[in-house]
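# Structural overview
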Amino acid sequence: MAEATYRGTVYPWQCDHVGHMNIMWYVGKFDEANWNFFARLGVTPTYLRESGRGMAGVQQNVSYKRELFAGDIVEVRSSLLELRDKSIRFLHEMRNAETGELAASCELTGVHMDRRLRKACAFPEEIRGAVEALLTK
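Description of the structure in this document. Because the structure is a prediction, the values reported are computed rather than measured.

Below, the discussion takes up the side chain of H112. Tracing the sequence through the fold places H112 in strand β5 (residues 102-114). Among the polar contacts listed, one links the side chain of H112 to the side chain of Y47, at a separation of 2.8 Å. Here A122 takes part through its backbone oxygen, which lies 3.2 Å from a polar atom of the side chain of H112. The contact partners of H112, leaving out residues within four places of it in the chain, are Y47, R53, G54, M55, K86, K119, A120, C121, A122, F123 and P124.

Attention now goes to unusual backbone geometry. Notably, R118 is not glycine yet its phi reads approximately 60 degrees, a positive angle. Within the element layout of this structure, R118 appears in the loop between β5 and β6 (119-120).

Turning our eyes to something else, we now look at the pairing of strand β1 (residues 3-9). Within β1, five of the seven residues are buried, which leaves the element mostly enclosed by the surrounding structure. Relative to strand β3 (residues 73-83), β1 is paired through six bridges, and the arrangement is antiparallel. Across the sheet, the residue bridging to E3 is S78, located in β3.

For L108, the position within the fold is in strand β5. Using a relative accessible area of 6% as the deciding quantity, one classes L108 as buried. Distance from L108 to H92, taken between C-alpha atoms, is 8.2 Å for residues 16 residues apart in sequence.

Turning to the nonpolar core, a few remarks are in order. The biggest cluster of nonpolar side chains holds 29 residues, and the ones touching the most others in it are F37, L68, I88 and M94. No other element matches the five residues that helix α1 (residues 23-40) contributes to this core. Excluding residues within four positions of it along the chain, M94 makes contact with M21, Y26, K29, F30, L68, V74, E75, V76, E101, L102, A103 and A104.

Calculation rules
Residues numbered from 1 in each chain as written. Predicted model: local features only at pLDDT ≥ 70, side-chain atom pairs only at ≥ 80, totals over all residues. Heavy atoms only, no water. Helix = DSSP H or I, 4+ residues; strand = E, 2+ residues; numbered from the N terminus. Polar contact = N/O pair within 3.5 Å; in protein donor to acceptor, adjacent residues only side chain to side chain. Contact = heavy atoms within 4.5 Å. Buried < 20%, exposed > 50% of the residue type's maximum accessible area, 1.4 Å probe, protein only. Pairing = 2+ DSSP bridges. Core = buried A, V, L, I, M, F, W, Y, C linked by side-chain atoms within 4.5 Å.

Next comes the structure, spelled out in structure tokens:
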């Protein structure tokens, strides 16, 4: 089930010379959605700091469907696609909140890491449980 993980607006300074939101801002808004999505799974800032763990993006595929312009209201909804022992794959859909039109989508694969060892490591059981609960919704 897709849940809202980002809401915001497009500001004039986020637009490029042709008048629509520049691609760097699409990626930035998807990145903000990542952290809200992770927090719902228990991968919170506190968890990351206290456990010495981190998340690393290893693949990101963005599809641009419609332009967004200054003043447009944006919503990103995120859904879980797959959980593996050390990695997670999920999808973001960015829509114009006024019209409902799909502006862009982003499929990401992230890896759960031990920051000290700089290596991938398994998700703990409490996070796996939260992720698996999302998969069964």
